Amino acid sequence: MKYELCKIADVPDSGSKIVPFFGREAHVYRRGGMLRAAANVCLHFGGPLECRGDRLVCPWHKASFDMTTGLRIDGPAPKESRLMFLSTKTEGDALFYVWGE
Ligand code: FES
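Residues numbered from 1 in each chain as written. Predicted model: local features only at pLDDT ≥ 70, side-chain atom pairs only at ≥ 80, totals over all residues. Heavy atoms only, no water.

Caption draft 1: Region of the structure containing the sheet that holds strand β2 (residues 17-21). Strand order across the open sheet formed by 3 strands is β2-β3-β4, with antiparallel pairing between neighbours. Looking at which strands have only one partner, the edges of the open sheet turn out to be β2 and β4 (34-39). Strand-to-strand twist across the sheet, computed as the mean angle between neighbouring axes with direction ignored, equals 35°. In the sheet, β2 pairs with strand β3 (residues 24-31) via 5 bridges, with the strands oriented antiparallel. If you follow Val19 over to β3, its bridge partner there is Ala26. (Pairing = 2+ DSSP bridges. Helix = DSSP H or I, 4+ residues; strand = E, 2+ residues; numbered from the N terminus. Axes fitted to C-alpha atoms, helices over the stretch in contact; angles between N-to-C directions.)

Caption draft 2: Broad picture of unusual backbone geometry. The phi dihedral of Phe22 is positive, around 50°, even though this residue is not glycine. Tracing the chain through its elements places Phe22 in the loop between β2 and β3. Take Phe22: its relative accessible area is 42%, and that puts it in the partly exposed class. (Buried < 20%, exposed > 50% of the residue type's maximum accessible area, 1.4 Å probe, protein only.)

Caption draft 3: Broad picture of the pattern of salt bridges. This model, assessed by the stated rule, comprises 8 salt bridges. Here Arg52 makes a salt bridge to Glu50, at a shortest N to O gap of 2.6 Å. Judged by its relative accessible area of 34%, Glu50 falls in the partly exposed class. Through salt bridges that share partners, Lys2, Lys89 and Glu91 make up one connected network. (Salt bridge = Lys/Arg side-chain N within 4 Å of Asp/Glu carboxyl O.)

Caption draft 4: Here's a closer look at the pairing of β4. Along β4, 5 of the 6 residues are buried, which leaves the element largely enclosed by surrounding structure. The sheet contact formed by β3 and β4 spans 6 bridges and is antiparallel. The residue of β4 that forms the bridge with Arg30 is Leu35. The hairpin formed by β3 and β4 contains 2 residues between the paired strands, and Gly32 there has a positive phi angle of roughly 55°.

Caption draft 5: Broad picture of the side chain of His27. Looking at the secondary structure, you find His27 in strand β3. Taking relative accessible area as the criterion, His27 reaches 1% and is therefore assigned buried. Of note is the side chain of His27, whose polar atom sits 2.9 Å from the backbone oxygen of Leu49. When sequence neighbours within four positions are dropped, the list of residues in contact with His27 reads Ser16, Lys17, Ile18, Arg36, Ala37, Ala38, Asn40, Leu49, Glu50, Cys51 and Leu56. (Polar contact = N/O pair within 3.5 Å; in protein donor to acceptor, adjacent residues only side chain to side chain. Contact = heavy atoms within 4.5 Å.)

Caption draft 6: Seen up close, the packing of aromatic side chains. Per the counting criterion, the structure on display carries 5 aromatic pairs. Relative to Phe22, the ring of Tyr3 lies with its centre 4.3 Å away and its plane at 25°, an arrangement referred to as stacked. Residue Tyr3 is found in strand β1 (residues 2-7), and its partner Phe22 is found in the loop between β2 and β3; the two are separated by 19 residues along the sequence. Its relative accessible area of 24% is what places Tyr3 among the partly exposed residues. Seen in terms of ring centroids, Phe21 and Tyr97 are 5.0 Å apart; in terms of plane orientation they differ by 85°. Their pairing is edge-to-face. (Phe/Tyr/Trp six-rings, centres within 6.5 Å; stacked < 30°, edge-to-face > 60°.)

Given below as structure tokens:
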């Protein structure tokens, strides 16, 4: 399956763009010359995430995650937890979520 997340040109050079993802949301951003997409879900109790510098931070109880590795930096999310990255590919002018291809 293939699902368009957004146009590549709409992804900002810094920060992130929140896009719809099957009734939920994902953050799409650029890191290390790559486009990344991570579910907008905190690994603690499922709160939303806000982009702050190089971190995605949950305003509920302040868990934070490294946007490059996905690893939890601090806060109450489990120590080894990491962001839920989406499998993606670029095609033409768009970024797609792909599954089973
Ligand atoms: S739900 Fe995100 S830190 Fe608690």
